[in-house]
Amino acid sequence: MSVVKTISALNQSKPWDSHNQKLICSMVLQDSHDVKTFCFQTTDQAWFLYLPGQFITLELEIDGKVVHGTYTISSSPSRPLSITITVKATKDGYVSKWLHENMKEGMEVKAYGPAGIFTLHNHLADKYLFLAGGVGITPLMSMTRWLFDYGMHTDVSFIQSCQTPSDLLFKRELEGMSARVSDFKLSYICERPDEYGAWTGYTGRLNQLMLELICPDYMEREIFCCGPEPYMQAVRDILNSAGYDMDRYHEESFSAPVASEEEAPEHDDVIIDESNKATVSFIKSDKEVKIQESETILAAAKEAGLHIPNACQFGVCGTCKVKKVSGDVHMVHNGGINDADIEAGYILACCSNPLGPVEVEF
Ligand code: FES
């Protein structure tokens, strides 16, 4: 599409449908030997609205089964015409492996989201330290691209850790930004050099001494960290032993959904009575089931033979968002739904218990 047509389409278009958006793969880029970036556009010229650091869930059909995979968005919302996810192919990553082997330009997928609370918009500061371990760089890349595009003079120290220099991601782009913006400082730490390559940078794993040498004022910075759990644990240990104020430390983790108490949504004190039963009605599907109040709306749907798309099942990814038509639920989520959606009557089926009869639009 020409630039003029794109801009006029953008003028008339609306943001993407965060609950059911069809995407088309527009490009696949090889970032390293085992990491690829997948670029998507919407099929209806809607533009992408999300916060840098958030993630989406893709729905794919693999071997005749519907599967979901949740991926952090690596692009920035400052470029709203397309979205990118950057994915590492791992032996155990069923969906990731499939994406690497099968996703091609022109293929369509369904997406849910965005969701997630790991974003600098929730923690605005003058100085940041971004700590990226391996492909955990993706949300930090989104935030960095956002800050760069937005043209704000924000002091960022960005430390990327990986196994070898050839595993470094977005190197040229980051170096380009660092060369142009004086308060964007970039550093790398590699566990070992490449077999036949020279490496003169920091070698080993991030430790207290390295952190002090690379970023002497880290105690003054708001810290965002994403990477494998052992990497984040090492970072937490370093910061704790230095007496860093952990309220200013934020990490992205799909296994430990709530990064800090402050980020946890407020929970009320509802105690679910195990013996109470509630009727859950699914209006569009014309189905009704009775479940215990200690079970979730997602479980009710399953019992009714319905499939509400879901991925994480602990209130993080937002995939299972459905509209409640009537009744009360007790929802304890982990950031997978925002206040505006709750206000509009949406709930996350995987972490909502019915309190009495509930009607759901699904
Ligand atoms: S399945 Fe992820 S929030 Fe419900």
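In the nomenclature of an unreviewed UniProt entry, the protein chain corresponds to Ferredoxin-NADP reductase from the organism Aestuariispira insulae. Reading the Sequence similarities (unreviewed entry) entry of the UniProt record for the protein chain gives the comment "In the N-terminal section; belongs to the FAD-binding oxidoreductase type 6 family."

(A) A look at the overall build of the protein chain. Scanning the protein chain from N- to C-terminus turns up eight helices and 17 strands. The C-alpha radius of gyration of the protein chain comes to 22 Å, within 12% of the 21 Å expected for a compact globule of 362 residues. Over its C-alpha atoms, taken along the principal directions, the protein chain stretches across nearly 65 × 55 × 40 Å. Going through the 362 residues of the protein chain one by one, you find that 49% of them count as buried. Of the roughly 17500 Å² of accessible surface on the protein chain, a fraction of 50% belongs to carbon and sulfur atoms. Between the averaged position of the 30 positive side-chain charges in the protein chain and that of its 50 negative side-chain charges there is a distance of 8 Å.

(B) Summary view of the side chain of Ser75. The residue Ser75 is located in the loop between strand E4 (65-72) and strand E5 (83-88) in this model. The exposure class of Ser75 is buried, given its relative accessible area of 8%. In this structure the side chain of Ser75 is engaged in a polar contact, spanning 3.0 Å, whose partner is the side chain of Tyr50. If near-sequence neighbours (up to four positions away) are discounted, Ser75 is found in contact with Tyr50, Ser82, Ile83, Thr84, Ser142 and Arg145.

(C) The packing of helix H3 (residues 137-150) against helix H4 (residues 171-180), seen in detail. Remark: H3 packs on H4, axes separated minimally by 12 Å, with the N-to-C direction vectors making an angle of 35°. Judged by the twist between their axes, the crossing of H3 over H4 is left-handed. Contacts between H3 and H4 involve Ile137, Met141, Thr144, Arg145 and Phe148 from the first element and Glu173, Leu174, Met177 and Arg180 from the second. Taken together, the residues that form the contact of H3 with H4 break down as five nonpolar, one polar and three charged.

(D) Highlighting the sheet that holds strand E2 (residues 35-42). Reading across the sheet, the six strands line up as E4-E3-E6-E1-E2-E5 and stay open at both edges, with antiparallel pairing between neighbours. The open sheet has two edge strands with one neighbour each: E4 and E5. Averaged over all adjacent pairs, the angle separating strand axes in this sheet is 40°, with direction ignored. Pairing geometry for E2 and E5, over six bridges, is antiparallel. Opposite Cys39, over in E5, you have Thr84 as the bridge partner.

(E) Representation of a nonpolar patch on the surface. On the surface, Tyr202, Leu209 and Leu213 cluster together into a nonpolar patch covering about 310 Å² of accessible area. Residue position: Leu209 is located in helix H5 (residues 208-214).

The rules we used
Residues numbered from 1 in each chain as written. Predicted model: local features only at pLDDT ≥ 70, side-chain atom pairs only at ≥ 80, totals over all residues. Heavy atoms only, no water. UniProt positions renumbered as here; feature names shortened; annotations may be inferred. Helix = DSSP H or I, 4+ residues; strand = E, 2+ residues; numbered from the N terminus. Rg over C-alpha atoms; globule rule 2.2 N^0.38 Å. Buried < 20%, exposed > 50% of the residue type's maximum accessible area, 1.4 Å probe, protein only. Areas by Shrake-Rupley, 256 points an atom, 1.4 Å probe, with all protein chains shown as cover. Lys, Arg positive; Asp, Glu negative; His and termini not counted. Charge placed at Lys NZ, Arg CZ, Asp CG, Glu CD. Polar contact = N/O pair within 3.5 Å; in protein donor to acceptor, adjacent residues only side chain to side chain. Contact = heavy atoms within 4.5 Å. Axes fitted to C-alpha atoms, helices over the stretch in contact; angles between N-to-C directions. Left-handed = near helix turned anticlockwise from the far one by under 90°. Nonpolar A, V, L, I, M, F, W, Y, C, P; charged D, E, K, R; others polar. Pairing = 2+ DSSP bridges. Patch = residues over 30% accessible without salt bridge, like charges linked within 9 Å, V, L, I, M, F, W, Y side chains within 5 Å. Salt bridge = Lys/Arg side-chain N within 4 Å of Asp/Glu carboxyl O.

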